[in-house]
There are 2 protein chains.
Amino acid sequence: MTQTSRQDVIDAAGRLFAKRGYHGTSMRKLGKELGLVGSSLYSHVGSKEELLVEVVRHGAALFEGSVDKARAGGGDGASQLRNLITGHLDVVLDNRDAASTYLNEASVLDADHRNQVRAERNRYEQAFRDVYDLGAKDGSLPLSADSKLAAIFTLSVLNAVPRWYRPLGPLDRNDLAEAIFSFVTR
Amino acid sequence: MTQTSRQDVIDAAGRLFAKRGYHGTSMRKLGKELGLVGSSLYSHVGSKEELLVEVVRHGAALFEGSVDKARAGGGDGASQLRNLITGHLDVVLDNRDAASTYLNEASVLDADHRNQVRAERNRYEQAFRDVYDLGAKDGSLPLSADSKLAAIFTLSVLNAVPRWYRPLGPLDRNDLAEAIFSFVTR
DNA sequence: CCTACCGATCGGTAGG
DNA sequence: CCTACCGATCGGTAGG
């Protein structure tokens, strides 16, 4: 790499925030990750906090894009749920750092950005809930006692994936999606 | 409180580690939480790291106690799974701070303690897996395609509970246990 | 349990 | 993008 871009800095920040946490990452360590001295980062970014905002924003956008695509695809409740699940797995496995930072480090943000994340998560959860309701109505999914709980439990399973799943090994991404789908609908 | 005990310090550390994370908690803030100056904590504890070790050890012991009790209770697979679930919820809801620190901050530990936690978690997961296998054999649970995945997914749901569940509100602890049991076995 | 302090490290700025 | 630096804060110690 000949030059370092603002995006390079944000990506590296995502890597370290995901691995060590926001408070466990210093600007000097982040600089070292890029072959720079810490203070050089301030020509690309105004503050450490701004980096967290950018990484979290990126994570949020990825999840939002995924849910929009899944809902736009149409189909019955079961197939939309399947799309939500595979879309979520794609986000979480192709963008592990931004996704993990979004999921784990948002609590460090100031109240304003934290509330934005909370709202975004609620919309995301609502999409799962809507799809469970749709599937119950159209008969493609078993009726669950409470679609809100079904949504929370499904997201609990999905969000934990980066904590244990490693793409090598016997279980590939499609197997995993299928296993989750059948676990949450069976 | 007239005097501060070592246990008081560990408890307060659990509270702050759970809320702000290990790296987000300074010894001075921890002192303030107890009405002390930061340096006074060193008459109760050798280092900040030692506090994390103690909190995590406590969390691990609680989960271990819970699983031992559930397995000792006997019964068929379904009833042992029910006991594992209610036991886990009891730990996580009655000891939120130690449980959350155990679940979220163990990555900060040195390699040795981190490996201990990993081993303990594997044993814990294995207990869930064994119970799923037992239930499949004795007919009390539907056979799942893969008991290891069933264990991971169930623990994903359980471990996420402190992130969203608030004991006030319409859903009490028994409702929650029942909802989770039926979600993971239905 | 506090005061007084240590060296190290933190986020960030000035100036080039 | 680096050097040189700022005040603040960090984990921790000595001594009482």
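Everything in this summary refers to the structure shown in the same document. (Residues numbered from 1 in each chain as written. Chains lettered and ligands numbered in written order. Predicted model: local features only at pLDDT ≥ 70, side-chain atom pairs only at ≥ 80, totals over all residues. Heavy atoms only, no water.)

## Notes on the pattern of salt bridges
So, point 1. Scanning all chains against the criterion turns up 20 salt bridges over all chains.
So, point 2. The salt bridge partner of Arg57 of chain A is Glu54 of chain A, with a shortest N-O separation of 3.8 Å. One end of the pair, Arg57 of chain A, and the other, Glu54 of chain A, are both in helix α3 (residues 48-72), three residues apart, so they sit about a helical turn from each other.
So, point 3. The salt bridge partner of Arg173 of chain B is Asp94 of chain B, with a shortest N-O separation of 2.9 Å. Of this pair, Arg173 of chain B sits in helix α8 (residues 173-185) while Asp94 of chain B is found in helix α4 (residues 77-94), placing the two residues 79 residues apart along the sequence.
So, point 4. Salt bridges sharing partners connect three or more residues here, namely Arg6, Glu50, Glu54 and Arg57 of chain A. (Salt bridge = Lys/Arg side-chain N within 4 Å of Asp/Glu carboxyl O. Helix = DSSP H or I, 4+ residues; strand = E, 2+ residues; numbered from the N terminus.)

## Some details on the packing of aromatic side chains
So, point 1. Counted under the stated rule, the structure contains 15 aromatic pairs over all chains.
So, point 2. Taking the centre distance of 5.6 Å and the plane angle of 70° together, the rings of Phe63 of chain B and Tyr124 of chain B count as edge-to-face. Of this pair, Phe63 of chain B sits in helix α3 (residues 48-72) while Tyr124 of chain B sits in helix α6 (residues 111-138), and the two are 61 residues apart along the sequence. Judged on exposure class, the residue Phe63 of chain B and its partner Tyr124 of chain B are both buried.
So, point 3. Taking 5.8 Å as the distance between ring centres and 80° as the angle between the ring planes, the aromatic pair formed by Trp164 of chain B and Tyr165 of chain B counts as edge-to-face.
So, point 4. For Tyr165 of chain B, a relative accessible area of 3% corresponds to the buried category.
So, point 5. Among the aromatic side chains, those forming a connected cluster through ring pairs are Phe153, Trp164, Tyr165 and Phe183 of chain A together with Phe153, Trp164, Tyr165 and Phe183 of chain B.
So, point 6. Of note, Lys48 of chain A hangs over the ring of Tyr22 of chain A, and the distance from its end group to the ring centre comes to 4.2 Å.
So, point 7. It is Arg82 of chain A that lies over the ring of Phe181 of chain A; its NZ or CZ is 4.0 Å from the centre. (Phe/Tyr/Trp six-rings, centres within 6.5 Å; stacked < 30°, edge-to-face > 60°. Buried < 20%, exposed > 50% of the residue type's maximum accessible area, 1.4 Å probe, protein only. Lys NZ or Arg CZ within 6 Å of the ring centre and 35° of its normal.)

## Focus on the protein's contact with DNA strand D
So, point 1. Every one of the 16 residues lining DNA strand D counts as a neighbour, but Ser40 of chain A together with Met27, Arg28, Tyr42 and Lys48 of chain B are closest to it.
So, point 2. A share of 51% is what sugar and phosphate atoms reach among the atoms of DNA strand D within 4 Å of the protein.
So, point 3. Thr4 of chain A has a polar backbone atom sitting 3.4 Å from a phosphate oxygen of DNA strand D.
So, point 4. One of the side-chain N or O atoms of Arg28 of chain B is found 2.8 Å from a base nitrogen in DNA strand D. (Near = heavy atom within 4 Å. Polar contact = N/O pair within 3.5 Å; in protein donor to acceptor, adjacent residues only side chain to side chain.)

## Considerations on the packing of helix α4 (residues 77-94) of chain A against helix α7 (residues 147-164) of chain A
All names here are of chain A.
So, point 1. Remark: α4 packs on α7, axes separated minimally by 9 Å, with the N-to-C direction vectors making an angle of 25°. In terms of orientation, α4 and α7 fall into the roughly parallel class. You can see that α4 and α7 cross each other, and the crossing is right-handed. Every residue of α7 that contacts α4 at Ile85, His88, Leu89, Val92 and Leu93 is listed here: Leu155, Leu158, Asn159, Val161 and Pro162.
So, point 2. A per-class count over the contact of α4 with α7 returns eight nonpolar, two polar and no charged. (Axes fitted to C-alpha atoms, helices over the stretch in contact; angles between N-to-C directions. Parallel < 35°, antiparallel > 145°, perpendicular 65-115°, else oblique. Left-handed = near helix turned anticlockwise from the far one by under 90°. Contact = heavy atoms within 4.5 Å. Nonpolar A, V, L, I, M, F, W, Y, C, P; charged D, E, K, R; others polar.)

## Details of the environment of Ala151 of chain B
All names here are of chain B.
So, point 1. Tracing the sequence through the fold places Ala151 in helix α7 (residues 147-164).
So, point 2. Accessibility expressed as a relative area gives 0% for Ala151, which makes it buried.
So, point 3. C-alpha of Ala151 to C-alpha of Arg129: the two residues are 22 residues apart in sequence and 5.2 Å apart in space.
So, point 4. If we skip the residues at most four places from it in the chain, Ala151 touches Glu125, Phe128, Arg129 and Tyr132.

## Some remarks on the side chain of Ser156 of chain B
So, point 1. Relative to the assigned elements, Ser156 of chain B resides in helix α7.
So, point 2. In terms of polar contacts, Ser156 of chain B uses its side chain to reach the backbone carbonyl oxygen of Ile152 of chain B, at 2.8 Å.
So, point 3. Apart from residues lying up to four places away in sequence, Ser156 of chain B is in contact with Ser156, Val157 and Ala160 of chain A.

## Topic: the protein's contact with DNA strand C
So, point 1. DNA strand C sits among 17 residues. The nearest are Met27, Arg28, Tyr42 and Lys48 of chain A together with Ser40 of chain B.
So, point 2. Protein-adjacent atoms of DNA strand C, using a 4 Å cutoff, are sugar or phosphate at a proportion of 52%.
So, point 3. Here Met27 of chain A contributes a backbone N or O atom positioned 2.8 Å from a phosphate oxygen of DNA strand C.
So, point 4. Here a phosphate oxygen of DNA strand C and a backbone polar atom of Val37 of chain B are 3.2 Å apart.
So, point 5. Across the surface near DNA strand C, the residue classes tally to four nonpolar, eleven polar and two charged.

## Looking at the environment of Ser140 of chain B
All names here are of chain B.
So, point 1. Positionally, Ser140 belongs in the loop between α6 and α7.
So, point 2. Ser140 gets classed as partly exposed once you look at its relative accessible area, which sits at 23%.
So, point 3. Expressed as a C-alpha distance, the spacing of Ser140 and Ser66, which sit 74 residues apart in the sequence, is 22 Å.
So, point 4. What Ser140 contacts, discounting residues up to four positions off in sequence, is Asp76, Gly77, Ala78 and Gly135.
So, point 5. From its side chain, Ser140 meets the backbone nitrogen of Ala78 in a polar contact 2.9 Å long.
So, point 6. Engagement of the side chain of Ser140 in a polar contact is seen with the side chain of Asp138, the distance being 2.6 Å.

## Things to note about the interface of chain B and chain A
So, point 1. Taken together, the contact pairs 25 residues of chain B with 25 residues of chain A.
So, point 2. Roughly 2,000 Å² is buried in total at the junction of chain B and chain A, and carbon and sulfur atoms are behind 70% of that figure.
So, point 3. Ranking the residues of chain B by area buried against chain A places Phe153, Phe183 and Arg186 of chain B at the top, with a combined share of 36%.
So, point 4. The tally of links from chain B across to chain A stands at zero salt bridges.
So, point 5. Counting the contacts that link chain B with chain A gives three residue pairs in polar contact (both at pLDDT 80 or more).
So, point 6. Listed by contribution, the elements that provide at least two residues to the side of chain B that touches chain A are α5 (96-104), α7 and α8 of chain B.
So, point 7. Examining the composition of the side of chain B that touches chain A, we find that ten residues originate from one element, α7 of chain B, more than from any other.
So, point 8. Partitioning the side of chain B that touches chain A into residue classes produces 15 nonpolar, seven polar and three charged. (Buried area = accessible area lost by both parts, 1.4 Å probe.)

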